[in-house]
Amino acid sequence: MNPADEEAELVARAIDGDADALEQVVRTVQDAVYRLALRMTGLPADAEDATQEILIRVITRLSSWRAEAALTTWAYRIAVNYLLNQRRRSALERRELTFDELGAELADGLTEYQGPDAGLLAEEVRLRCTQAMLQCLDRAERLVYVLGEVFELPSEQAAWVLDTTAAAYRKRLERARRQVRAFVAGNCGLVNPDAACHCSRRIVAARAAGRLQPGNLGLARHPTTTGVPAAARQMHQLHDAASVLRSHPDYAVPRARSEAVLTLLHSGRFPLVD
């Protein structure tokens, strides 16, 4: 049986009330949904809240899936609709960062860090900084950039997720690319060795601003699906804006959140599938 037929059979069983099939649907899409939510919201706590809401929407709308796309791609579409339209703004969104403001912040207080765990702290700075870069794009631009440059979805597939034409999607993607490329080229030492900002030189300032807490490294120590973070394998390949923003670990959704959704759905107090 090919993967598309296997997914169709799985969804059919879930709709018919098979609890194991329903759980497998959740586990199939949960990490992909979480990674999208994390790139959109910027911080794990906000991404966890969004993921829980999105997974509930995925399950309750499961009967509307018509196999027009893979199950994960279809889940992306539901996630995009939620993330684009949610009224609540994440903690990073509330900062209303612009590229100019972020550039000025990165240039301020640069100094070499001489303390313990320098490599780990620099990694946390790098991961948080790239998340902040994405926040300088508005939500629509951010979604286009994440799907196209970070997740590398084919244009036709990304356009379907965003419910737009491929031509319109490519135009919006190129506009977002230009903004990110210009910022990274002028500010990021990973791409431009002549740029002032290098991750190791931001540690002291980030700690002073309360944005880096050595005891709470939410990204550098985040659970992953691969065991060895993809970012660690890719660091030697960083040469442009896309690779810098793409090279994050394969984050895994905290299991407590997905288990909470499954517990709710199995409780009988919630309509599993419309």
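On a predicted model such as this, the values are computed, not experimentally measured, just so you know.

Attention now goes to the packing of helix α5 (residues 99-107) against helix α9 (residues 166-187). Each packed pair of helices is defined by two parameters, the angle between the axes and the distance between the axes. In contact at an axis separation of 11 Å, α5 and α9 are set at 15° when each is read in the N-to-C sense. What the angle tells us is that α5 and α9 run roughly parallel. Handedness of the α5/α9 crossing: right-handed. Contact residues: α5 offers Phe99, Leu102, Gly103 and Leu106, while α9 offers Gln179, Val180, Phe183 and Asn187.

For the pair helix α7 (residues 139-150) and helix α8 (residues 155-162), the least separation of the axes is 10 Å and the interaxial angle reads 145°. Considering how the two elements wind past one another, α7 and α8 form a crossing that is right-handed. Residues Leu143, Val144 and Leu147 of α7 touch α8, and the partners they reach there are Ala158, Val161 and Leu162. For the contact of α7 with α8, the residue count by class is 6 nonpolar, no polar and no charged.

The next thing to look at is the environment of Leu36. Along the chain, Leu36 falls in helix α2 (residues 19-41). On a C-alpha basis, the gap between Leu36 and Tyr251 in space is 10.0 Å, while along the polypeptide they are 215 residues apart. Not counting chain neighbours up to four residues away, the residues in contact with Leu36 comprise Tyr76, Ala79, Val80, Leu83, Leu143, Val146, Leu147 and Phe151.

Parameters and conventions
Residues numbered from 1 in each chain as written. Predicted model: local features only at pLDDT ≥ 70, side-chain atom pairs only at ≥ 80, totals over all residues. Heavy atoms only, no water. Axes fitted to C-alpha atoms, helices over the stretch in contact; angles between N-to-C directions. Helix = DSSP H or I, 4+ residues; strand = E, 2+ residues; numbered from the N terminus. Parallel < 35°, antiparallel > 145°, perpendicular 65-115°, else oblique. Left-handed = near helix turned anticlockwise from the far one by under 90°. Contact = heavy atoms within 4.5 Å. Nonpolar A, V, L, I, M, F, W, Y, C, P; charged D, E, K, R; others polar.

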